[in-house]
Amino acid sequence: MSTETEDGDDLRERISNFLRRNFPQIQMHGGSAAIEEIDRESGTVTIQLGGACSGCGISPMTIQAIKTRMTKEIPEIETVNARTGGGMGGGEGMMGGDTGPSMPGDSRGGDIGGDDEGPEAPF
């Protein structure tokens, strides 16, 4: 449960600005970041990374950098929970972007038939 007050709106704005200022690569690479929850009482914020961040090999490093920097830069924040996922849930979008990555071989149409187990190895 979020315990935001009017001061929480200021905190939300500072977190949003922090993400935009310190992590422009999220948006530049087709990702998105959303604040899912802020609990001022416990000093905890939950961030959802979506879009191209889902399935990205460096997203664990991005998450660690967010956690480390945010707790140093925003005194009210003691704990950052961040994760990647397909959807943005009910969170407020920070940087736009799609809700999930586009993977090679994804079919946006109907059933193309067969039990495709994926591509064969070239050797």
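From a predicted model like this one, the values you see are computed outputs, not experimental measurements.

Reading the values: rules and limits
- Residues numbered from 1 in each chain as written.
- Predicted model: local features only at pLDDT ≥ 70, side-chain atom pairs only at ≥ 80, totals over all residues.
- Heavy atoms only, no water.
- Core = buried A, V, L, I, M, F, W, Y, C linked by side-chain atoms within 4.5 Å.
- Buried < 20%, exposed > 50% of the residue type's maximum accessible area, 1.4 Å probe, protein only.
- Helix = DSSP H or I, 4+ residues; strand = E, 2+ residues; numbered from the N terminus.
- pLDDT = per-residue confidence, 0-100.
- Contact = heavy atoms within 4.5 Å.
- Pairing = 2+ DSSP bridges.
- Expected span 1.5 Å × (residues − 1).
- Arc of directions from axis to C-beta.
- Salt bridge = Lys/Arg side-chain N within 4 Å of Asp/Glu carboxyl O.

1. Remarks on the nonpolar core
Move 1: Counting residues in hydrophobic clusters, the biggest one holds 20 residues, and the most contacted among them are Ile15, Leu19, Val45, Ile47, Ile66 and Met70.
Move 2: Elements with a minimum of two residues in this core: helix H1 (6–22), strand E1 (31–39), strand E2 (44–51), helix H3 (59–73) and strand E3 (79–84).
Move 3: The element that contributes the greatest number of residues to this core is H1, accounting for four residues.

2. As for the confidence of the model for the protein
Move 1: Confidence in the prediction of the protein, expressed as mean pLDDT, is 75, and 63% of residues score 70 or more.
Move 2: Confidence drops under pLDDT 50 across residues 1–5; counting only partners more than four residues distant or on other chains, this segment forms twelve contacts.
Move 3: This stretch, residues 87–116, has a pLDDT under 50; its non-local contacts, to residues over four places away or in other chains, come to 49 contacts.

3. Considering the pairing of E2
Move 1: The element E2 is largely enclosed, with a buried count of eight among its eight residues.
Move 2: Side chains of E2 alternate between two faces, with Thr44, Thr46, Gln48 and Gly50 and Val45, Ile47, Leu49 and Gly51 buried alike.
Move 3: Judged from the eight bridges that link them, E1 and E2 form a sheet pairing that is antiparallel. For Glu37, the partnering residue across the bridge sits in E2 and is Thr46.
Move 4: Here E1 folds back onto E2 in antiparallel fashion, the turn holding four residues, of which Gly43 has a positive phi close to 70 degrees.
Move 5: Both E2 and E3 contribute to a ladder of six bridges, which runs parallel.

4. A short note on H3
Move 1: For H3, built from 15 residues, the straight-helix expectation of 21 Å at 1.5 Å per residue is met to within 8% by its first-to-last C-alpha distance of 20 Å.
Move 2: Every buried residue of H3 is accounted for by Ser59, Thr62, Ile63, Ile66 and Met70. Buried residues along H3 cover an arc of 100 degrees about the axis, so they all sit on one side. Those residues of H3 that are exposed and angled more than 90 degrees off the buried face are Pro60, Met61 and Lys72.

5. Structural notes on the pattern of salt bridges
Move 1: Evaluation of the coordinates by the stated rule reveals five salt bridges.
Move 2: Ionic pairing is found between Asp10 and Arg14, a salt bridge with its closest N-O pair at 3.2 Å. On the criterion of helical spacing, the pair formed by Asp10 and Arg14 is a turn pair, its members being four residues apart in helix H1.
Move 3: Judged by relative accessible area, which is 43%, Asp10 ranks as partly exposed.
Move 4: As a salt-bridge pair, Glu73 and Arg21 come within 2.1 Å of each other at their nearest N and O atoms. Here Glu73 is found in helix H3, whereas its partner Arg21 is found in helix H1, with 52 residues between them in sequence.

6. Points about the environment of Asn81
Move 1: Topologically, Asn81 is positioned in strand E3.
Move 2: Here Asn81 falls in the partly exposed class, since its relative accessible area comes to 35%.
Move 3: When the C-alpha positions of Asn81 and Thr44 are compared, they lie 7.4 Å apart, and in sequence the two are 37 residues distant.
Move 4: Sequence-distant contacts of Asn81, that is, excluding residues within four places in its chain, are made with Thr44, Val45, Thr46 and Ile47.

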